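Structure assessment
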Amino acid sequence: MVVCVDLGGSKVLMAVAMAEGQFLRRLKFPTQSEKGPEDILDRIAAGVQEMLKAGAETADRIVGIGVATPGPLSFPDTVVWDSPNLGWNRVNIKEEMKARLGWEPLVEKDTNMAVLGEYYFGQMQRCQNLLYITVSTGIGGGIMLGGQLYRGQNGGAGEIGHMVVASGGRICGCGRQGCLEAQASGTAIAQMAKELGQEGKGQGMFSGLGTVGAKEVGEAARRGDREARTIVAQVVDYLGIALGNLVNIFNPEKIVLGGAVSLGWEDLLLEPLRERVKAEVFPLNARDLQIEVTRLGEDVVLYGCIAEVGRRKTEGGKRKAEDGRSCIRVDSTNFF
Ligand SMILES: [Zn+2]
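Residues numbered from 1 in each chain as written. Predicted model: local features only at pLDDT ≥ 70, side-chain atom pairs only at ≥ 80, totals over all residues. Heavy atoms only, no water.

Where an unreviewed UniProt entry is consulted, the protein appears under the name Glucokinase / transcriptional regulator, with the organism given as Syntrophomonas wolfei subsp. wolfei. Under the heading Sequence similarities (unreviewed entry), UniProt records this for the protein: "Belongs to the ROK (NagC/XylR) family." (UniProt positions renumbered as here; feature names shortened; annotations may be inferred.)

Printed below as a string of structure tokens:
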């Protein structure tokens with residue numbers, strides 16, 4: 001059994017799971033990052049203890065703990081550096097968790113865990129050249145090349161959300177202008193709707209009480225609201241630019257989209273994005289390309305924790321890239 005922790009900017013998902021992928025127990029609570037790293041890590045450690053309360057038998061069968069955290073995360077020392085989503089600077093999660101639990105966890109960036117989850121548990125398993133892109137409050141990515149996770153020199157690779165797609169565009173949390181995250185994330189969608197409201201427009205999206213986010217914009221677009229559909233078209237445009245760039249750079253076999261916006265807007269985004277990207281990239285790079293939305297939902301990061309903890313435990317982390325270049329297609333979520 002594996003303990004999995006998905007530490008996100010807004011919520012923490014935790015689970016005890018079998019190595020084959022069945023979840024036995026779950027916990028979910030708000031991150032409340034403003035309380036600082038000590039408080040969050042204390043609550044995660046308490047959550048682990050709570051999930052293991054079922055008895056000594058459970059604790060004895062745990063083979064490891066996997067912790068996924070927002071980046072930037074250095075590798076191999078796994079220190080969170082200047083994370084805009086957590087507001088943390090230089091926090092060594094591995095050491096902090098070891099001090100609290102007595103076990104050294106496996107720590108990985110959340111989008112890296114997600115691409116591993118997709119690689120081992122997704123609809124097309126063992127895709128050698130696979131990109132995972134989360135479109136949620138922010139935008140991030142995980143990169144598998146030749147069956148190996150690509151972290152870059154310092155662990156900082158995969159920051160797809162900070163690819164500039166609009167010169168002189170919206171100001172990003174990283175300080176630049178026109179990053180994909182600033183133009184097409186859930187936060188950007190809410191901002192676009194808010195700006196329309198301030199101009200006295202977008203009334204089709206403001207039918208209820210409360211703030212307007214991607215959910216309300218999507219619902220208005222499905223009703224045919226013209227302004228909401230314009231926002232959706234802009235998001236498709238920016239994501240299309242970014243995915244086209246990535247396809248021509250990496251020539252992946254598959255791109256998997258995840259995160260709340262991808263999951264909630266699948267009917268609005270997926271087909272237009274497929275058409276846009278296939279029309280714009282080199283024909284050779286479009287030949288085998290598939291773009292899909294993850295079937296693992298918001299658990300994709302937890303699945304990555306299960307897979308990576310299990311893999312390193314059983315194989316000592318020494319496995320080489322697998323032979324062959326074809327994915328193994330499964331119709332439902334099978335487990336390796
Ligand atoms: Zn940025």
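For the coordinates displayed, the defined rule picks out three aromatic pairs. Between Phe23 and Tyr303 the ring centres are 5.2 Å apart and the planes differ by 70°, which places this aromatic pair in the edge-to-face class. Here the residue Phe23 occupies a position in strand E3 (residues 23–30), and Tyr303 occupies one in helix H12 (residues 300–315), the gap between them amounting to 280 residues. Overall, Tyr303 belongs to the buried group, its relative accessible area being 11%. Ring centres 5.0 Å apart and planes at 45° place the aromatic pair Phe121 and Tyr303 in the tilted group. In this pair, Phe121 is assigned in helix H4 (residues 110–121) and Tyr303 in helix H12, connecting sequence segments 182 residues apart. The burial state of Phe121 is the same as that of Tyr303; both residues are buried. Taken together through their ring pairs, the aromatic side chains of Phe23, Phe121 and Tyr303 make up a single cluster. Of note, Arg26 hangs over the ring of Phe23, and the distance from its end group to the ring centre comes to 4.3 Å. We note Arg151 situated over the ring of Phe75; from NZ or CZ to the ring centre the distance is 3.8 Å. (Phe/Tyr/Trp six-rings, centres within 6.5 Å; stacked < 30°, edge-to-face > 60°. Helix = DSSP H or I, 4+ residues; strand = E, 2+ residues; numbered from the N terminus. Buried < 20%, exposed > 50% of the residue type's maximum accessible area, 1.4 Å probe, protein only. Lys NZ or Arg CZ within 6 Å of the ring centre and 35° of its normal.)

This part is about the sheet that holds strand E10 (residues 139–145). The sheet built from five strands is open, its strands ordered E11-E10-E9-E12-E13 with mixed pairing. The sheet terminates laterally at strand E11 (148–149) and strand E13 (290–293), the two strands that pair on one side only. Pairing geometry for strand E12 (residues 254–258) and E13, over four bridges, is parallel. Directly across from Val256, in E13, lies its bridge partner Glu292. Contacts between helix H8 (residues 226–250) and the sheet are confined to strand E9 (130–135), E10, E12 and E13, with E9 contributing the most and set at about 160° to the helix. Packed onto the sheet, helix H10 (residues 266–280) meets E12 and E13 and runs at close to 170° relative to E13. (Pairing = 2+ DSSP bridges. Contact = heavy atoms within 4.5 Å. Axes fitted to C-alpha atoms, helices over the stretch in contact; angles between N-to-C directions.)

This part is about the state of the cysteines. A full pass over the atoms with the stated rule returns zero disulfides. Looking at Cys305, it has no disulfide partner, and the nearest cysteine sulfur is the one in Cys4, 5.1 Å off. (Disulfide = S-S within 2.5 Å.)

Quick look at the coordination of the zinc ion now. Octahedral six-donor coordination of a metal ideally yields angles of 90 or 180 degrees, compared with 109.5 degrees for tetrahedral four-donor coordination. Here the zinc ion is held by His162 (ND1), Cys172 (SG), Cys174 (SG) and Cys179 (SG), and the distances to it run 2.1 to 2.4 Å. Classification of the site at the zinc ion rests on its four donor atoms, whose angles at the metal span 101 to 123°, yielding the label tetrahedral. Between consecutive donors of the zinc ion, the numbers of intervening residues give the motif H-x9-C-x1-C-x4-C. (Donors = N, O, S within 2.8 Å, 3.2 Å for Na, K, Ca; no water. Tetrahedral: all angles 85-135°; square planar, octahedral: opposite > 155°, others 65-115°.)

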